[in-house]
Amino acid sequence: MKIKKNLTFIQISGILLTQISKGELMKNEKELFLKYNFAKDMLETEINILMEEFVFKNGYNPFEHIKSRIKTKESIMNKLEKKGYEKTVANFDKIPDIIGIRIVVSFLNDIYAVVDTIKQSKNLIIKRQKDYVDNPKESGYISYHLIVAVPIYLAGKTEYIDAEIQIRTIAMDFWATLDHKIQYKFPNEIPNDIKEQLYESSLIIRELDKRMMHLNEAVNEHMKD
Ligand code: 0O2
């Protein structure tokens, strides 16, 4: 088949082979990022409502801060490469955490209470969950991840976009933020001694989180008297 100048072949969902111009590709990409923005707004609103309801029902506020972001195109491409996919816009749907929201709470037991609340959402569809609190990653990373499908209401139709919700304690967040910065400093491979120190620090974080939770429980017991 003859390929015209400025035309590119793209494969969508592994089946459809389309001839598409560079202009069309740019349009597709812009449309995708527009949808990511809608999904991020929807997710933020849903999470804020669930959190406010949580505070109202439980009479205490476990939330330290909430932060959301959309991955940059460069970061999506890097992740596609890391996962062995071709770096094309058509493959963006292989990355479920292009939209991410991080909920940082005070104590260990708050994580599971917040996860239960999110699972009760009538708007979000839970697709996957990863409990790196009970089963920390090899790096020492501790957090609870939910991959959810977020509905976006477009003119005449509803679409679903994947997003990742990360729930962790403030102590875990401190560790993960430093670890993330270190990963950027050593893009190829983190030196072993640094890796070991990070891992050892994560064990301290785990212990600290347990202690802080028990301390908080003891305070609550005293308050009852
Ligand atoms: P960024 O720049 O933070 O967005 P898998 O589902 O197992 O195939 P994936 O997609 O890496 O692999 O999922 P996972 O393990 O749930 O990780 C998703 C996100 O969690 C990462 O996104 C990080 O934000 C965070 N994360 C996972 N492992 C670590 C870790 O060891 N240290 C830190 N600091 N964060 C971690 P990105 O796209 O890798 O990075």
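Nothing here was measured: the structure is a model prediction, and the numbers come from that model.

Rules used in this analysis
Residues numbered from 1 in each chain as written. Predicted model: local features only at pLDDT ≥ 70, side-chain atom pairs only at ≥ 80, totals over all residues. Helix = DSSP H or I, 4+ residues; strand = E, 2+ residues; numbered from the N terminus. Contact = placed C-beta atoms within 7 Å. Pairing = 2+ DSSP bridges. Axes fitted to C-alpha atoms, helices over the stretch in contact; angles between N-to-C directions. Core = buried A, V, L, I, M, F, W, Y, C linked by C-beta atoms within 7 Å. Buried ≥ 20, exposed ≤ 12 C-beta atoms within 10 Å, placed from the backbone. Expected span 1.5 Å × (residues − 1). Near = placed C-beta within 6 Å. Nonpolar A, V, L, I, M, F, W, Y, C, P; charged D, E, K, R; others polar. pLDDT = per-residue confidence, 0-100.

Student: What's the story with the overall build of the protein in this structure? I'm lost.
Tutor: Broken down by element type, the protein carries five helices and seven strands. With respect to the three principal axes, the spread of C-alpha positions in the protein is 80 × 50 × 20 Å. A sequence separation of at least 24 residues applies to 64% of the contacts in the protein between residues at least 6 apart.

Student: How do you make sense of the sheet that holds strand E4 (residues 99-105) when you look at a structure like this?
Tutor: Hydrogen bonds along the backbone pair up the strands of a sheet, which may run parallel or antiparallel. With mixed pairing, five strands are arranged side by side in an open sheet as E3-E4-E7-E6-E5. If you trace the sheet from one side to the other, it starts and ends with strand E3 (63-70) and strand E5 (125-131), each paired once. Across the sheet, the mean angle separating the axes of adjacent strands is 20 degrees when strand polarity is ignored. By the bridge criterion, seven bridges tie E3 to E4 in an arrangement that is antiparallel. Each residue of the ladder has a partner; that of Ile70, found in E4, is Ile99. With respect to the sheet, helix H4 (residues 170-185) is in contact with E3, E4 and strand E7 (157-169), its orientation differing from that of E7 by roughly 100 degrees.

Student: Mind showing me how you'd approach the nonpolar core here?
Tutor: One recurring pattern in soluble globular proteins is that nonpolar side chains are buried together. Counting 33 residues, the largest nonpolar core has Ile103, Ala163 and Ile165 as its most contacted members. Contributions of two or more residues to this core are made by helix H1 (22-58), E4, helix H3 (108-119), strand E6 (144-154), E7 and H4. If sequence neighbours within four positions are ignored, Ile165 has contacts with Ile101, Ile103, Ile118, Leu146 and Val148.

Student: Can you help me understand H1 in this one?
Tutor: Residues three or four positions apart in an α-helix share a direction because the helix packs 3.6 residues into each turn. Spanning 37 residues, H1 covers 53 Å between terminal C-alpha atoms, matching the ideal 54 Å at 1.5 Å per step. With its phi angle positive at about 70 degrees, Gly59 sits one or two positions after the end of H1.

Student: What exactly am I supposed to notice about the site of the ligand here?
Tutor: Near the ligand the following residues occur: Lys71, Ser75, Lys79, Asp97, Lys130, Lys137, Ser139, Tyr141, His145, Ala176, Asp179 and His180. For the shell around the ligand, the secondary structure elements donating two or more residues are helix H2 (73-82) and H4. Ranked by residues supplied to the shell around the ligand, first place goes to H4 with three residues. Taken together, the residues of the shell around the ligand sort by class into two nonpolar, four polar and six charged.

Student: Please clarify how H4 should be interpreted in this entry.
Tutor: When the terminal C-alpha atoms of H4 are compared, their 23 Å separation across 16 residues agrees well with the 22 Å that a helix rising 1.5 Å per residue should span. Those residues of H4 that fall on the buried side of the exposure criterion are Ala171, Met172, Asp173, Trp175 and Ala176. Summarising the contacts, the buried residues of H4 are in contact with E4, E7 and helix H5 (192-224).

Student: Whenever I open this one, the confidence of the model for the protein confuses me. Can you help?
Tutor: A low pLDDT score tells you not to read the predicted coordinates there in detail. Summing up the model confidence of the protein, the mean pLDDT is 91 and the portion of residues at 70 or higher is 91%. Counting interchain partners and residues more than four positions distant, the pLDDT-below-50 stretch residues 6-17 has 19 contacts.

Student: Even after reading the chapter, I still don't get the environment of Lys40, so can you show me in this structure?
Tutor: With respect to the helices and strands, Lys40 occurs in helix H1. Taking the C-alpha atoms as reference, Lys40 lies 8.4 Å from Val150; in sequence the two are 110 residues apart. Apart from the residues within four sequence positions on either side, Lys40 is in contact with Ser68, Ile70 and Ile99.

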